[in-house]
Amino acid sequence: MSEINENPEINEDAELAAEVPAAPEAETTEFAAEETVVEEVAVESAAPEIPEAAEVIEVPVTPFVRVLKETTAKADEDFDWDAFEGTKSVNSTATKKEMTDMYDNTLSILQEKEVVDGRVISMNKREVVVDIGYKSDGIVSVNEFRYNPSLKIGDQVEVYVETLEDKKGQLTLSHKKARAMRSWDRVNAALENDEIITGFIKCRTKGGMIVDVFGIEAFLPGSQIDVKPIRDYDIYVNKTMEFKVVKINHEFRNVVVSHKALIEAELEQQKKDIISKLEKGQVLEGTVKNITSYGVFIDLGGVDGLIHITDLSWGRVAHPNEIVQLDQKINVVILDFDDDKKRIALGLKQLSSHPWDNLSAELKVGDVVKGKVVVMADYGAFIEIAPGVEGLIHVSEMSWSQHLRSAQDFLKVGDEVEATILTLDRDERKMSLGIKQMKNDPWDKIEAKYAIGSNHVARVRNFTNFGVFVEIEEGVDGLIHISDLSWTKKIKHPSEFTSIGAEVEVQVLDIDKENRRLSLGHKQLEENPWDVFETIFTVDSVHEGTVIDLFDKGAVISLPYGVEGFATPRHLVKEDGSNVKMDEKLDFKVIEFSKSAKRIILSHSRVYEDSKKAEETAKKKTTAKQAPKSVKPQKDASEKTTLGDISELAALRTQMEEKEKKDN
């Protein structure tokens, strides 16, 4: 048996006028005068709306309609039909719309995805029921109110309308999203209106602090906490402070706030007032606010000034913390200031006299002074001979050597040195020094110590294409020309003969005192072997040689006694017609020898060609000796000679003539 649905709207006149089919009398139900009792029967469709006088119990449709009419008929006696006919029909379109509007006006006009205020009407351990003035109440998880443990019925709360009606017909709300959206709107408004907001510093993080602003975690950079550097961030944790929103990243929903911005405006006005009263040369007291590698920032009472590291002391300063300390109170002098950029340049060393003014008046060029190396550069070293008084030793004044070298090869920072004053300019406060002058110049007595023809040991310093630069001692250099390295070897580059840093024996060939250079030789330490080679490698002499270099224009041949010769390509053809190969050992004939040019020209082809030629010459001589003995028989047999014999002799003669032409 199905339940009766809600009463639909019906036209009462039409219902009463409907035809009702006759029903069996057995199914007729007895009615009381004021109350109608109907037996329960199955209903096949929804029951129509009936007057209040009749109590309806589920009955079949047909009998129910008939009984309804009977009941209505009996009730007509007490019904005021005149009053009823004078009223408007509730089923008219105008009346229906009016009633609908009245009903809608009792409900709040809501839209999804918006934040509204609601009232807590009930709550349990899991859910909170919120009334927002809609046709149904919304349910919010109690977890969204964890931050508010004192929540109670009747409290006003803000909620976010997610859906007006979900699949179950339920209104879906969120308090957490409402807080986030309202907070985001407040933060954006604070940025647009440049208003001051209050936040709670929750904790510190890398580079700054985390601040709770309207329920949003905002970032407070360390540089935006105060106008002065902060050394201890922990003292600000769990404090409530005022801030300004300085930046919002809408994509990542990040908020950056600043406390420094609130006090900068006041400081800006203070700076203008202070700078307007400043004068160059004025001495003020300040506090060391910050120390950097390039200088010190001084707080002058609301405005900052900078003492550059070069203005801290007349002497060399590696780092400002050698002179001052944080929070130290010192007197400074104003060197310069910029009203527009609000920059103030300060000085500390200017409060004391310059050390050059206290330099002894008796100090002059040529005097020897002692000092300490304070700065090194490639071009020289700066020596401090008194606090704030320095002189430069150029690298060329460190050694008598002409080699280009770095100053680090001679000195290092911290070395104590003695030097000679080379120049002294008190007006410009400049001084040049030299340390090589502390030693004797080796070129003063060069002819006596390194006479022409004397032998010495030198160290290789550098190479060029034309020779080797060597140093016999500090300041005494010389050149070995590439032609003076060896009597026998053909050297294309000095690196084939020696290496940098190696020691080599030399002989002094010439002295150029003006340019401080010696001409040296290495091969002169040995006798000239070409005097002997002239007797060994005579023209047409044959020697065994090895091909050590092969190229397009010929080959270099290594001969006995360490001498080398040269052969052109046409003299490198072997007897079988092939060419000689690298590292191949063959016999070579000397075809040219030049003692002055130290040149030997060789040929391998001539070895077998001249041998063949000698054999042919010997054969001809033998044939000539045998010719008289055979004259007579030939004459006797002249009559027996045939044409074939004559042809063979002619061919042999032609062949011999062609060979002679080739040999020549």
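In this report, we go over the structure that sits alongside the text. All of these numbers come straight from a predicted model, not from anything done at the bench.

Bringing the pairing of strand β12 (residues 295-299) into the picture now. Two strands pair when backbone bridges link them, and strand β11 (residues 283-291) and β12 are joined in this way by four bridges, in the antiparallel orientation. Note on β12: the bridge partner recorded for Ile291 is Val296. Between β11 and β12, which follow one another and run antiparallel, lie three residues. Relative to strand β13 (residues 304-308), β12 runs antiparallel, the two being bridged by five bridges. Among the inter-strand pairings, Phe297 is bridged to a residue of β13, identified as Leu306. The turn joining β12 and β13, which pair antiparallel and follow one another in sequence, is formed by four residues; a positive phi near 95° is taken by Gly301.

Moving on, we come to the packing of aromatic side chains. Counted under the stated rule, the structure contains six aromatic pairs. When the centroid spacing of 6.4 Å and the interplanar angle of 80° are considered together, the rings of Phe466 and Phe469 count as edge-to-face. Under the relative-accessibility criterion, Phe466 is labelled partly exposed at 42%. For Phe469, a relative accessible area of 17% corresponds to the buried category. Measuring from centroid to centroid gives 6.4 Å for Phe537 and Tyr561, while their planes differ by 80°, and the two rings are edge-to-face. Separated by 24 residues along the polypeptide, Phe537 in the loop between α8 (530-536) and β26 (542-551) and Tyr561 in the loop between β27 (554-558) and β28 (564-567) bring together distant segments of the chain. Overall, Tyr561 belongs to the exposed group, its relative accessible area being 61%. An aromatic cluster is defined as three or more aromatic residues linked by ring pairs; in this entry it consists of Phe533, Phe537 and Tyr561. Directly above the ring of Trp184 sits Arg253, whose terminal nitrogen or CZ lies 4.2 Å from the centroid.

So, on to the nonpolar core. Ranked by size, the top nonpolar core spans 21 residues in total, and within it Ile201, Leu220, Phe243, Val245, Val255 and Val257 carry the most contacts. Looking at this core, the elements with two or more residues in it are α5 (175-193), β6 (196-205), β7 (208-213), β8 (216-221), β9 (240-249) and β10 (254-258). Looking at this core element by element, the count peaks at four residues for β9. Counting 20 residues, the second-largest nonpolar core is a separate cluster that includes Tyr450, Val460, Ile472 and Ile491.

Take helix α6 (residues 260-275) next. Along its 16 residues, α6 runs 21 Å from first to last C-alpha, staying within 8% of the 22 Å computed at 1.5 Å per residue. Along its length, α6 reaches its greatest deviation from straightness, about 25°, at Glu266. Buried within α6 we find Lys260, Leu262, Leu267 and Ile275. In this structure, the buried residues of α6 make contact with β6, β9, β10, β14 (329-338) and β15 (343-347).

Here we take up unusual backbone geometry. For Asp327, which is not glycine, the phi torsion reads 65° and is therefore positive. As for its placement among the helices and strands, Asp327 is situated in the loop between β13 and β14. Phi is positive for Asp540, which is not a glycine, with a value near 75°. Turning to its location among the elements, Asp540 is positioned in the loop between α8 and β26.

Right, let's get into the environment of Val542. Positionally, Val542 belongs in strand β26. On a C-alpha basis, the gap between Val542 and Asp587 in space is 6.4 Å, while along the polypeptide they are 45 residues apart. Apart from residues no more than four positions distant in its own chain, Val542 is found in contact with Asp587, Phe588, Lys589 and Val607.

How each quantity is defined
- Residues numbered from 1 in each chain as written.
- Predicted model: local features only at pLDDT ≥ 70, side-chain atom pairs only at ≥ 80, totals over all residues.
- Heavy atoms only, no water.
- Pairing = 2+ DSSP bridges.
- Helix = DSSP H or I, 4+ residues; strand = E, 2+ residues; numbered from the N terminus.
- Phe/Tyr/Trp six-rings, centres within 6.5 Å; stacked < 30°, edge-to-face > 60°.
- Buried < 20%, exposed > 50% of the residue type's maximum accessible area, 1.4 Å probe, protein only.
- Lys NZ or Arg CZ within 6 Å of the ring centre and 35° of its normal.
- Core = buried A, V, L, I, M, F, W, Y, C linked by side-chain atoms within 4.5 Å.
- Expected span 1.5 Å × (residues − 1).
- Bend = angle between axes of the 7 residues up to and from the residue.
- Contact = heavy atoms within 4.5 Å.

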